[in-house]
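Single-letter residue listing:
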Amino acid sequence: VGSVLLLNSCETPLGLIDWQRAVSMLVTVDAKGVPIAHLHQADPDRTVRSPSIEVPFPLAIKLARWIYVKHIDGRDRFEGGCATRQGVLARDRHRCVYCGMPAETIDHVLPTSRGGLNTWENLAACCRSCNNRKADRLPEEAGMRLRWHPYRPDLTGYTQRKVRREQQLASA
Ligand SMILES: [Zn+2]
């Protein structure tokens, strides 16, 4: 059983790998000499040493390049990673950020037409009527107020809990 969390480049958890594989990914470079993965979280009390390398013991590593993944369970979507429609609705418990009613859509707080991005911080659950009312405007321009500020779910805590849980399973 692996104990190192492998993250996509957008920080979506992809699965667990063993630490030997994680270390070898950290020191592997592609054809252009660029490392294929970066250290995301390390165990401060441990170091991996060999005659040729010395690296912090990895708890989570992140791919340098994004890879397409077909199956990601609802928990992962909720807990972190790429901001998806489902993930944003789950984070906001399917409530509209403007009126608190059940939400079916997501709103770009800063509209895409003004450079708003598909990030956790710029996306919020929204009901159809508020979405139509706000249209391509900022909330203040539409006379609307955010009931909460969209945020990125805490992935660090998730990483630690997931790794700890796997370690407990492995030693049971
Ligand atoms: Zn609404």
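Residues numbered from 1 in each chain as written. Predicted model: local features only at pLDDT ≥ 70, side-chain atom pairs only at ≥ 80, totals over all residues. Heavy atoms only, no water.

An account of unusual backbone geometry is requested, with residue identities and associated values reported.
We note that Arg93 has phi near 50°; this positive angle belongs to a residue other than glycine. Looking at where Arg93 falls in the secondary structure, it is placed in the loop between α3 (85–91) and β5 (105–108). Exposure remark for Arg93: the relative accessible area of 64% places this residue in the exposed category. (Helix = DSSP H or I, 4+ residues; strand = E, 2+ residues; numbered from the N terminus. Buried < 20%, exposed > 50% of the residue type's maximum accessible area, 1.4 Å probe, protein only.)

Any details on the pattern of salt bridges? Residues and values, ideally.
Between side chains of opposite charge, pairing is possible as soon as their charged atoms come close. Taken as a whole, this structure holds five salt bridges when the rule is applied. Salt-bridge contacts for Arg65 lead to Asp30; the nearest nitrogen and oxygen are separated by 3.9 Å. Placement of Arg65 in the loop between β4 (54–63) and α2 (74–79) and of Asp30 in the loop between α1 (19–26) and β3 (37–49) is noted, with a sequence separation of 35 residues between them. The exposure class of Arg65 is exposed, given its relative accessible area of 60%. By relative accessible area, which is 24% here, Asp30 ends up partly exposed. With its nearest N and O atoms 3.4 Å apart, the salt bridge here joins Arg49 to Glu54. For the pair formed by Arg49 and Glu54, the shared burial category is exposed. (Salt bridge = Lys/Arg side-chain N within 4 Å of Asp/Glu carboxyl O.)

Break down the coordination of the zinc ion for me, citing the residues and quoting the values.
At 2.3 Å from the zinc ion lie its protein donor atoms, namely Cys96 (SG), Cys99 (SG), Cys127 (SG) and Cys130 (SG). Coordination at the zinc ion is tetrahedral, judged from the four donor atoms that bind it and the angles of 102 to 115° they form at the metal. When the donors of the zinc ion are listed by position in the chain, the intervening gaps give C-x2-C-x27-C-x2-C. Placement of Cys99 in the loop between α3 and β5 and of Cys130 in helix α4 (residues 128–134) is noted, with a sequence separation of 31 residues between them. With a relative accessible area of 5%, Cys130 lands in the buried category. (Donors = N, O, S within 2.8 Å, 3.2 Å for Na, K, Ca; no water. Tetrahedral: all angles 85-135°; square planar, octahedral: opposite > 155°, others 65-115°.)

So what's going on with the nonpolar core? Which residues, and what values?
Core analysis: the largest hydrophobic core is formed by 14 residues, its most contacted members being Cys96, Tyr98 and Cys130. Counting residues per element, this core draws most heavily on strand β6 (residues 123–126), which supplies three residues. If near-sequence neighbours (up to four positions away) are discounted, Tyr98 is found in contact with Asp107, Val109, Cys126, Cys130, Lys134, Pro139, Met144, Arg145, Leu146 and Arg147. (Core = buried A, V, L, I, M, F, W, Y, C linked by side-chain atoms within 4.5 Å. Contact = heavy atoms within 4.5 Å.)

Explain the side chain of Thr105 to me, and be specific about the residues and the numbers.
By the secondary structure assignment, Thr105 is in strand β5. Judged by its relative accessible area of 13%, Thr105 is buried. Polar side-chain contacts of Thr105 include one of 2.7 Å to the backbone oxygen of Cys126. A polar contact of 2.8 Å, which involves the side chain of Thr105, links it to the side chain of Asn131. Once residues within four sequence positions are removed from consideration, Thr105 is found in contact with Leu89, Ala124, Ala125, Cys126, Cys127, Arg128 and Asn131. (Polar contact = N/O pair within 3.5 Å; in protein donor to acceptor, adjacent residues only side chain to side chain.)

I'd like a description of the pairing of β4, backed by residues and values.
Buried residues dominate β4, accounting for seven of its 10 residues. Both strand β1 (residues 4–7) and β4 contribute to a ladder of three bridges, which runs parallel. The partner of Leu5 across the bridge, within β4, is Ala60. Relative to β4, β3 is paired through nine bridges, and the arrangement is antiparallel. The residue bridging Arg49 from the neighbouring strand is Glu54, located in β4. What sits between the antiparallel neighbours β3 and β4 is a turn of four residues. (Pairing = 2+ DSSP bridges.)

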